[in-house]
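In case you want the letters, here they are:
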Amino acid sequence: ADGSLADAPTGEPRQIRGISPRISGTERRRLMDLGFLPGTTVVKEYTGASGDPIAFLVRGSLMALRRSQAQHILVGTISEAGPEPAGQPIAGGAS
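Residues numbered from 1 in each chain as written. Predicted model: local features only at pLDDT ≥ 70, side-chain atom pairs only at ≥ 80, totals over all residues. Heavy atoms only, no water.

1. Overview of the sheet that holds strand E2 (residues 14-19)
With antiparallel pairing, six strands are arranged side by side in an open sheet as E1-E6-E2-E3-E4-E5. Looking at strand neighbours, the two that pair on one side only are strand E1 (3-4) and strand E5 (61-65), the edges of this open sheet. Bridge count for strand E3 (residues 41-47) against strand E4 (residues 54-58) is five bridges, and the pairing is antiparallel. In the sheet register, Tyr 46 faces E4, and the bridge partner there is Ala 55. (Pairing = 2+ DSSP bridges. Helix = DSSP H or I, 4+ residues; strand = E, 2+ residues; numbered from the N terminus.)

Have a look at this one:
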């Protein structure tokens, strides 16, 4: 089911669908620079006792976000076509 990254179940891979238009400018750019891009597989690994921060495995790196940031990243279950496996870069170019 689609929803926010903040609400994704721990340990279950999700595919990023997009970033809410409410996030813009430098904050949006930072999330994208960290690897939170549409099509990327992400796994919620840990949530702090108070709900903040939340740690996610993204392209082989563990990234911590505030709940307020993760709520603006839209995710869904992994499509049958499948994105790249968690932690792996997207293959590109012709062989």
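Continuing now.
2. Details of the side chain of Lys 44
Note on placement: Lys 44 falls in strand E3. In terms of polar contacts, Lys 44 uses its side chain to reach the backbone carbonyl oxygen of Ala 8, at 2.9 Å. Excluding residues within four positions of it along the chain, Lys 44 makes contact with Leu 5, Ala 6, Asp 7, Ala 8, Pro 9, Thr 10, Gly 11, Ile 54, Ala 55 and Phe 56. (Polar contact = N/O pair within 3.5 Å; in protein donor to acceptor, adjacent residues only side chain to side chain. Contact = heavy atoms within 4.5 Å.)

3. Some words on the confidence of the model for the protein
Residue-level pLDDT values for the protein average 85, and 81% of them are 70 or greater. Within the protein, no element has a lower average pLDDT than helix H1 (residues 25-33), which sits at 93, and none a higher one than E4, at 96. Counting interchain partners and residues more than four positions distant, the pLDDT-below-50 stretch residues 86-95 has eight contacts. (pLDDT = per-residue confidence, 0-100.)

4. Here's the deal with the pairing of strand E6 (residues 73-76)
As paired elements, E1 and E6 share two bridges and run antiparallel to each other. Opposite Ser 4, over in E6, you have Leu 74 as the bridge partner.

5. Quick look at unusual backbone geometry
Pro 53 follows Asp 52 through a cis peptide bond whose omega is -15 degrees. Even without glycine at this site, Arg 59 takes up a positive phi of about 50 degrees.

6. Looking at the pairing of E5
The side chains of a regular strand alternate, residue by residue, between the two faces of the sheet. Here five bridges tie E4 to E5, and the two strands are oriented antiparallel to one another. Paired with Ile 54 across the strands is Leu 65, a residue of E5. From the end of E4 to the start of E5, which pair antiparallel, there are two residues, and Arg 59 there has a positive phi angle of about 50 degrees.

7. A few points about the pattern of salt bridges
Where charged atoms from two side chains of opposite charge approach closely, those side chains can pair. Within this structure, the stated rule accounts for four salt bridges. For Asp 7, the salt bridge is made with Arg 67, and the minimal N-O distance between the two is 3.8 Å. You can see Asp 7 sitting in the loop between E1 and E2 and its partner Arg 67 sitting in helix H2 (residues 67-70), a full 60 residues away along the chain. You can call Asp 7 exposed: its relative accessible area is 60%. Residue classification places Arg 67 among the partly exposed residues on the basis of a relative accessible area of 25%. Residues Arg 29 and Asp 33 are paired through a salt bridge, measuring 3.1 Å at the closest nitrogen-oxygen approach. Highlighted residues: Arg 29 and Asp 33, both in helix H1, separated by four residues, approximately one helical turn. For the pair Arg 29 and Asp 33, a shared accessibility class is recorded, and that class is exposed. (Salt bridge = Lys/Arg side-chain N within 4 Å of Asp/Glu carboxyl O. Buried < 20%, exposed > 50% of the residue type's maximum accessible area, 1.4 Å probe, protein only.)

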